Amino acid sequence: VNVDESRPGLRVVVLGAGTMGSGIAQACAGAGHAVTMVDTGREALERGLAAIAGSLDRLVRKGTLSGDDATARRSRLATSTDLAAAVAGAEVVIEAVYEDMATKHDLWRRVDEHAPEAALRATNTSSLSVTEIAQASRAPQRVCGLHFFNPVAVLPLVEVVRGERTSRSTLDEAVAFAQGLGKTPIVCGDTPGFIVNRLLIPYVNDAVHALGEGVASAADIDTAMKLGANLPMGPLALADLIGLDVTLAVVETLHRETADPRFRPAPRLRQLVRAGKLGRKTGEGFHRYE
Ligand SMILES: NC(=O)c1ccc[n+]([C@@H]2O[C@H](COP(=O)([O-])OP(=O)(O)OC[C@H]3O[C@@H](n4cnc5c(N)ncnc54)[C@H](O)[C@@H]3O)[C@@H](O)[C@H]2O)c1
């Protein structure tokens, strides 16, 4: 994104400095916005900042970003543990905290107490109902989904989710905001899994069913889809990358919301999650990682 330094960006607050929050904050700072990342403790904020610094360093080493640009982006990033003070002057609030309805409701209630009513409110939820999240706000017409993909710095798609009460102008603003980040937004309704997870996660879950049925080994299922369907990675390796807990949570949401037996979670997926084998992040899932 080419930033016009003479024009001030928006005041953006990102709630949650984890995997997604730090990625979204980085993208916003890269587009010239003044960003404040909010989390519950200093440690989480430091981890988020370190992740951003690492990502910017990689871009500088690859030659895609100049050292000066990286410094400018860092200078547009602030952190805070004080939600009330951070959102007080916000023009855009993006929430990327734990995928848990009670946590999100509690947070959006607090945002409402302190943020301007005019602020655009977006949730990065990957499987919860945007309509239900918006019910915690007194301004549900200002709430939409902005679903970024991991890693945010690499993947261009943003699903802009229209909740039942999201207004047309909110949706237009969200689309323009995502475009301003250099992303490609698509608009979708508030249906379970939106588009990408609605199509991708059942495929991954089906691969786990196939493994359980003895169709082939995990390695062979992955090789088959890589070399026979020309995909960048196999479905089980993809589940390991996403995290098996996250994958299971999305399948469960699809199953619960639709009662469609097609979305029955694969027993092997549940079993690995119970054993704490969550994929890359724990060193073992369908495959082992050093
Ligand atoms: N990981 C992915 O691939 C991915 C992709 C798209 C969307 N999402 C969604 O993004 C959201 C965040 O996911 P993540 O993977 O970044 O999680 P994460 O666990 O890496 O980060 C969540 C962060 O939120 C913070 N947090 C929790 N409660 C808070 C509160 N009350 N106030 C401020 N901060 C709080 C935590 O301390 C943590 O730092 C979830 O809704 C998830 O479904 C995740």
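Structural notes, computed from the coordinates.

Topic: the overall build of the protein chain
- On a plain count of helices and strands, the protein chain comes out with 12 helices and 8 strands.
- C-alpha extents for the protein chain along the principal axes are approximately 60 × 45 × 30 Å.
- Residue burial in the protein chain is summarised as follows: out of 290 residues, 47% are buried.
- Across the protein chain, contacts joining residues at least 24 apart in sequence account for 65% of those joining residues at least 6 apart.
- Carbon and sulfur atoms provide 52% of the accessible area of the protein chain, an area that totals close to 14100 Å².
- Computed over 32 positive and 34 negative side-chain charges, the separation of the two mean positions in the protein chain equals 2 Å.

Here we look at the side chain of His33
- The residue His33 is located in the loop between helix H1 (19-30) and strand E2 (34-38) in this model.
- At 2.9 Å, the side chain of His33 and the backbone nitrogen of Leu10 are in polar contact.
- Filtering out sequence-adjacent residues up to four positions away, His33 remains in contact with Gly9, Leu10, Val12, Cys28, Arg76, Phe177 and Leu181.

A look at the nonpolar core
- Among the nonpolar cores identified, the biggest contains 35 residues, and Ile24, Cys28, Ile94, Leu146, Phe148 and Phe177 are the most heavily contacted of them.
- Here this core gets 6 residues from one element, more than from any other, and that element is H1.
- Those residues in contact with Phe177 that lie beyond four places of it in its chain are Leu10, Val12, Cys28, His33, Val92, Ile94 and Leu146.
- Ala218, Leu238, Leu244 and Leu269 belong to the second-largest nonpolar core, a separate cluster that totals 21 residues.

A few points about the side chain of Gln26
- Tracing the backbone shows Gln26 in helix H1.
- Judged by its relative accessible area of 9%, Gln26 falls in the buried class.
- When sequence neighbours within four positions are dropped, the list of residues in contact with Gln26 reads Ile52, Ser55, Leu56, Leu59 and Ala153.

Section: the environment of Thr36
- Inspection of the secondary structure assignment puts Thr36 in strand E2.
- Through-space distance from the C-alpha of Thr36 to that of Phe149 is 20 Å; in sequence the pair is 113 residues apart.
- Thr36 has contacts with Val12, Val13, Val14, Ala78, Thr79, Ser80 and Ala86, leaving out every residue within four places of it along the chain.

So, the environment of Leu83
- With respect to the element layout, Leu83 can be found in helix H4 (residues 83-87).
- Taking relative accessible area as the criterion, Leu83 reaches 5% and is therefore assigned buried.
- Spatially, the C-alpha atom of Leu83 lies 9.1 Å from that of Val13, the residues being 70 residues apart in sequence.
- Once residues lying within four places of it in the same chain are set aside, the contact partners of Leu83 are Leu15, Val38, Leu107, Arg110 and Val111.

A look at the pairing of E2
- Across the 5 residues that make up E2, a large majority, 4, are buried.
- Pairing geometry for strand E1 (residues 11-15) and E2, over 5 bridges, is parallel. Among the inter-strand pairings, Val14 is bridged to a residue of E2, identified as Met37.
- Assessed by its sense of winding, the connection that carries the chain from E1 through H1 to E2 is right-handed.
- Where E2 lies against strand E3 (residues 77-80), 4 bridges are found, and the strand directions are parallel. For Met37, the partnering residue across the bridge sits in E3 and is Thr79.

The rules behind the values
Residues numbered from 1 in each chain as written. Predicted model: local features only at pLDDT ≥ 70, side-chain atom pairs only at ≥ 80, totals over all residues. Heavy atoms only, no water. Helix = DSSP H or I, 4+ residues; strand = E, 2+ residues; numbered from the N terminus. Buried < 20%, exposed > 50% of the residue type's maximum accessible area, 1.4 Å probe, protein only. Contact = heavy atoms within 4.5 Å. Areas by Shrake-Rupley, 256 points an atom, 1.4 Å probe, with all protein chains shown as cover. Lys, Arg positive; Asp, Glu negative; His and termini not counted. Charge placed at Lys NZ, Arg CZ, Asp CG, Glu CD. Polar contact = N/O pair within 3.5 Å; in protein donor to acceptor, adjacent residues only side chain to side chain. Core = buried A, V, L, I, M, F, W, Y, C linked by side-chain atoms within 4.5 Å. Pairing = 2+ DSSP bridges. Right-handed = clockwise from strand over helix to strand, strands pointing away.

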